[in-house]
Protein chains: 2
Amino acid sequence: GQAPEKTDFANYFCTYGYLYHQKDMLEDHKRTGAYYQAVMQNRRQFEGKVVLDVGTGSGILAIFAAKAGARKVYAVEATSMAAFAAKLIEANQLSDRIKVIQGTMESVQLPEKVDIIISEWMGYFLLRESMLDSVLFARDRFLKPGGAMYPSHARLYLAPIRTQATQQRLHDFQGAMQGWSAFVHEMDSYYGVDMHCLNDAFHQEQRGYYLSTSAWADVHPSQMQGPPTCFKSYDLHTLTMEELAAPLKASFRLDLMDSGSINSFAGFFDVQFRGSQQNPADFDVLLSTAPDPTGCTHWGQQTFPLHPTVECTRGDQVVGDITVVRRKDNHRLMEVHIRHTVEGASLVALQSPQRDSHYHIE
Amino acid sequence: GQAPEKTDFANYFCTYGYLYHQKDMLEDHKRTGAYYQAVMQNRRQFEGKVVLDVGTGSGILAIFAAKAGARKVYAVEATSMAAFAAKLIEANQLSDRIKVIQGTMESVQLPEKVDIIISEWMGYFLLRESMLDSVLFARDRFLKPGGAMYPSHARLYLAPIRTQATQQRLHDFQGAMQGWSAFVHEMDSYYGVDMHCLNDAFHQEQRGYYLSTSAWADVHPSQMQGPPTCFKSYDLHTLTMEELAAPLKASFRLDLMDSGSINSFAGFFDVQFRGSQQNPADFDVLLSTAPDPTGCTHWGQQTFPLHPTVECTRGDQVVGDITVVRRKDNHRLMEVHIRHTVEGASLVALQSPQRDSHYHIE
Ligand SMILES: Nc1ncnc2c1ncn2[C@@H]1O[C@H](CSCC[C@H](N)C(=O)O)[C@@H](O)[C@H]1O
Ligand SMILES: Nc1ncnc2c1ncn2[C@@H]1O[C@H](CSCC[C@H](N)C(=O)O)[C@@H](O)[C@H]1O
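Since the model is a prediction, treat every value here as computed from it, not as a measurement.

We now examine the overall build of chain A. Secondary structure assignment for chain A yields eleven helices and 15 strands. Seen along its three principal axes, the alpha-carbon backbone of chain A occupies a region of about 70 × 60 × 35 Å. Residues counted as buried form 56% of the 362 residues belonging to chain A. Looking at chain A alone, contacts between residues at least 24 apart form 77% of all its contacts between residues at least 6 apart. For chain A, the accessible surface area stands at approximately 15300 Å², while carbon and sulfur atoms represent 50% of it. Chain A carries 33 positive and 41 negative side-chain charges, and their two centres are separated by 8 Å.

Here it is in structure tokens:
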């Protein structure tokens, strides 16, 4: 369920109130530069238009839109960062065209409908934070018919990879269980309290923490054991709130280029700036968070460790389905369930069992 | 103000639901051992008595009380850890005498009044977490007249110390400010956005983070430049909720044993198990978190860095007052304000200004 607003402010919005955090995002130039290109190379789309920036943060996207010639920009921000955005806009002589409004998108009023909605709403593995909800809310309420969403499309990918992190996690898990044994022994000898009965519960808790949690990583392309596959794409002009809030279920098929083992899936996303059908962009811009030899964006990739390792032969395919569900106690966090098997003519594939893995994206 | 219960569960209670965290506390044997001694060396006080354990966690203190001969122990725990406590109590054959009740202390009912309340409620710098509120609530509602609190007394201390951490923090702060300069330059050259106007705001934010935040530390006694002084003590039998919730204001005087500089105050606490006036303990036990050459408890000490360093001469005294106030947006976190000057016959002392420092305990 949705958190009460006060909890949401304490847990979600709070970090966005710090310049430090806004700076982290701004200096991810692959990110900020992509938005800059998407606006500046499509100046013709922005000239004379009314724009809404959902979650303006430091005000940067509103500033880009105004620089590109927008007649009016509404820059909505939930946190106290709104005051700094206003200051920045003032210092850059754009106060006459940008109006900063502090409040959640769900609660504010705008005096007119808008031609373009721009927003940087993407979280880890695209969906974490569920901020896209607020963007769709804004679209349904304030976007003129035929208006354009920036970005307009989003896609989710999986790739089979090999990473040291999987073994490291297993090693840490085993260390934690050894620590527990020593602890149980101590509690008995120091206080005469027998804690054996909690062995299984501790094992399960630690297993969840070490083996069933996805992790941020900067994956190098050489770690990929086959090309990524897109398992889900969204058109932000037509995606409904209902579809977004429902569990995402999709199947995937991954080609393997080498014989050997894969011990993780890497998940990542891209977004495209293509404008709307009625107002297409003049130049399409792509912001990708795929593994990149020059280093990752601040989103990195999400890795989903596989225990045990999956053995494959060149030409085999990993075939499966993935489910992404919002957590019941916090709609901004996700649970991911991946079911897969190896298909192909190889002996390994023929003997490959169906495997089920569960993960948290915290 | 007090958080709504849902926010409090999301932010405060959540960590206590993990065995991992309970284990961390249990294996702090200076802590657990002190409670064990306090109960076992005062068996005569526990025999045949009714005991309430406020925040039983794993159930450990309830188990100690039952082992010491308590007739009945009520073990109250807000989180799902209650189920593991029940399991542990069952495995140690004490289910007939310990009743685990899941719920917040403020919301549960007990079928009878109790002779003893035992609880491990102390947070960093004693007061962080404000869990003592729940213990006083339990006392006022459920403790028989003349009943005893375990622990019965608590004291807060300050000591003047020297630590590398203060310079390190200053260094990190300067690094953050240099990073900001480079960032402002980049934003201008990449996107033509002038961010100078936020220099002061960023400086202030980072100053708060690096220089006005107290930090956990394991202080070695040799770092102390003079003996600690107790600036506040609490008798848990008579302390009122009103006094506890009000800002704590106290003055202190610290003797300096050496000439040289001090660049931090170390704050720590101890608690005593002395029983009540009507039911005094047979053996007093002390649980201290003072700097210790054999290493600290899991509470460590809280250090309050001093910028700039305070220069002193042997025989001078640091004289001042300290205020500890609950944060308005979260009553479990604290702000600390320390005002001090150096007094004495030395030239340094004669020229010493009055200094004001503010800190967060996060
Ligand atoms: N429902 C909502 N209403 C208003 N602001 C929101 C919101 N959900 C998230 N935000 C804000 O949206 C911002 C997302 S981060 C992106 C900031 C800025 N647009 C940039 O590109 O650099 C955060 O500052 C967050 O506080
Ligand atoms: N108001 C309240 N009601 C019930 N439990 C509370 C509470 N405030 C804190 N707690 C619980 O109190 C515990 C404090 S930690 C101490 C645990 C245990 N007594 C031990 O000594 O090892 C946590 O498990 C926390 O969840």
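Looking now at the sheet that holds strand β13 (residues 317-327) of chain A. Paired through backbone hydrogen bonds, the strands of a sheet run either parallel or antiparallel to each other. All names here are of chain A. Within the open sheet, the four strands sit side by side as β9-β13-β14-β15. Their pairing is antiparallel. Two strands in the sheet have a free side with no partner beyond their single neighbour: β9 (248-255) and β15 (355-361). Strand-to-strand, the axes of this sheet are offset by a mean angle of 20°, without reference to chain direction. Looking at chain direction, strand β14 (residues 330-343) and β15 are connected through seven bridges and run antiparallel. The residue bridging H340 from the neighbouring strand is R355, located in β15.

To continue, consider the site of ligand 2. Residue and element names in this part refer to chain B. The environment of ligand 2 is made up of 22 residues, and the closest members are R31, G55, E77, M105 and S134. A distance of 2.9 Å is found between a nitrogen atom of ligand 2 and a backbone nitrogen or oxygen belonging to G55. At 3.2 Å from a nitrogen atom of ligand 2 is found a main-chain nitrogen or oxygen belonging to A78. If you list the elements that add at least two residues to the shell around ligand 2, you get α2 (19-26) and α5 (60-67).

Attention now moves to the side chain of T229 of chain B. Position of T229 of chain B among the secondary structure elements: in strand β8 (residues 229-235). When residues no more than four places from it in sequence are discounted, the contact partners of T229 of chain B are L156, Y157, L158, F252, R253 and L254 of chain B.

To continue, consider helix α6 (residues 81-91) of chain A. All names here are of chain A. Taken together, the buried positions of α6 are occupied by M81, A82, A85, L88 and I89. Within α6, the buried residues cover an arc of 120° as seen down the axis, which keeps them to one side. Residues A83 and E90 are exposed on α6 and point more than 90 degrees away from its buried face. Where the residues of α6 are buried, they touch α2 (19-26), α5 (60-67), β2 (72-77) and β3 (98-102). Downstream of α6 by a residue or two, Q93 has a phi angle that is positive, lying close to 55°.

A few words on the interface of chain B and chain A. Across the boundary between the two partners, chain B contributes 43 residues, which contact 43 residues of chain A. Interface area, chain B with chain A, both sides summed: about 3800 Å², of which 70% is carbon and sulfur. If you look at where chain B meets chain A, you find zero salt bridges. Taken together, chain B and chain A are joined by 14 residue pairs in polar contact (both at pLDDT 80 or more). Among the elements of the structure, α1 (5-11), α2, α3 (29-40), α5, α6 (81-91), α8 (164-191) and α9 (199-211) of chain B are those that each provide at least two residues to the side of chain B that touches chain A. In terms of residue count, α8 of chain B provides more of the side of chain B that touches chain A than any other element does, seven residues in total. In the side of chain B that touches chain A, the residues fall into 24 nonpolar, eleven polar and eight charged.

On to the sheet that holds strand β14 (residues 330-343) of chain B. Residue and element names in this part refer to chain B. Spatially, β9-β13-β14-β15 is the arrangement adopted by the four strands of the open sheet, whose pairing is antiparallel. Two strands close off the open sheet at either side, each with one partner strand: β9 (248-255) and β15 (355-361). This sheet shows a mean twist of 20° between the axes of neighbouring strands, independent of strand direction.

A word on the environment of E205 of chain A. Among the structural elements, E205 of chain A can be located in helix α9 (residues 199-211). Spatially, the C-alpha atom of E205 of chain A lies 16 Å from that of H171 of chain A, the residues being 34 residues apart in sequence. Apart from residues lying up to four places away in sequence, E205 of chain A is in contact with G17, Y18, L19 and Y20 of chain B. A distance of 2.8 Å separates the side chain of E205 of chain A from the backbone nitrogen of Y20 of chain B, its partner in a polar contact.

Attention shifts here to the relation of the copies chain B and chain A. Note on the chain copies: they are related by a rotation about an axis and a translation along it. Superposing chain B onto chain A takes a rotation of 180° plus a shift of 0.0 Å along the axis, which leaves an RMSD of 0.0 Å. Here the two chains are linked by the operation of a two-fold rotation axis. Of every C-alpha in chain B, the one belonging to T7 of chain B sits nearest the axis of rotation, 2.4 Å from it. Both copies present the same face, since 100% of the interface residues in chain B are matched by interface residues at the equivalent positions in chain A.

Residues and elements named next belong to chain A. Around ligand 1 sit 22 residues, and of these R31, G55, E77, M105 and E106 come closest. R31 places a polar side-chain atom, nitrogen or oxygen, 2.8 Å from an oxygen atom of ligand 1. In this structure, a nitrogen atom belonging to ligand 1 sits 3.0 Å away from a side-chain N or O atom of S134. Coverage of ligand 1 by the protein amounts to 99% of the 570 Å² it exposes when considered alone. The dominant element in the shell around ligand 1, judged by the number of residues it contributes, is α2, at three residues. Here the residues of the shell around ligand 1 are counted per class, giving ten nonpolar, eight polar and four charged.

Conventions used here
- Residues numbered from 1 in each chain as written.
- Chains lettered and ligands numbered in written order.
- Predicted model: local features only at pLDDT ≥ 70, side-chain atom pairs only at ≥ 80, totals over all residues.
- Heavy atoms only, no water.
- Helix = DSSP H or I, 4+ residues; strand = E, 2+ residues; numbered from the N terminus.
- Buried < 20%, exposed > 50% of the residue type's maximum accessible area, 1.4 Å probe, protein only.
- Contact = heavy atoms within 4.5 Å.
- Areas by Shrake-Rupley, 256 points an atom, 1.4 Å probe, with all protein chains shown as cover.
- Lys, Arg positive; Asp, Glu negative; His and termini not counted.
- Charge placed at Lys NZ, Arg CZ, Asp CG, Glu CD.
- Pairing = 2+ DSSP bridges.
- Axes fitted to C-alpha atoms, helices over the stretch in contact; angles between N-to-C directions.
- Near = heavy atom within 4 Å.
- Polar contact = N/O pair within 3.5 Å; in protein donor to acceptor, adjacent residues only side chain to side chain.
- Arc of directions from axis to C-beta.
- Buried area = accessible area lost by both parts, 1.4 Å probe.
- Salt bridge = Lys/Arg side-chain N within 4 Å of Asp/Glu carboxyl O.
- Nonpolar A, V, L, I, M, F, W, Y, C, P; charged D, E, K, R; others polar.
- Least-squares fit on C-alpha atoms with pLDDT ≥ 70 in both.

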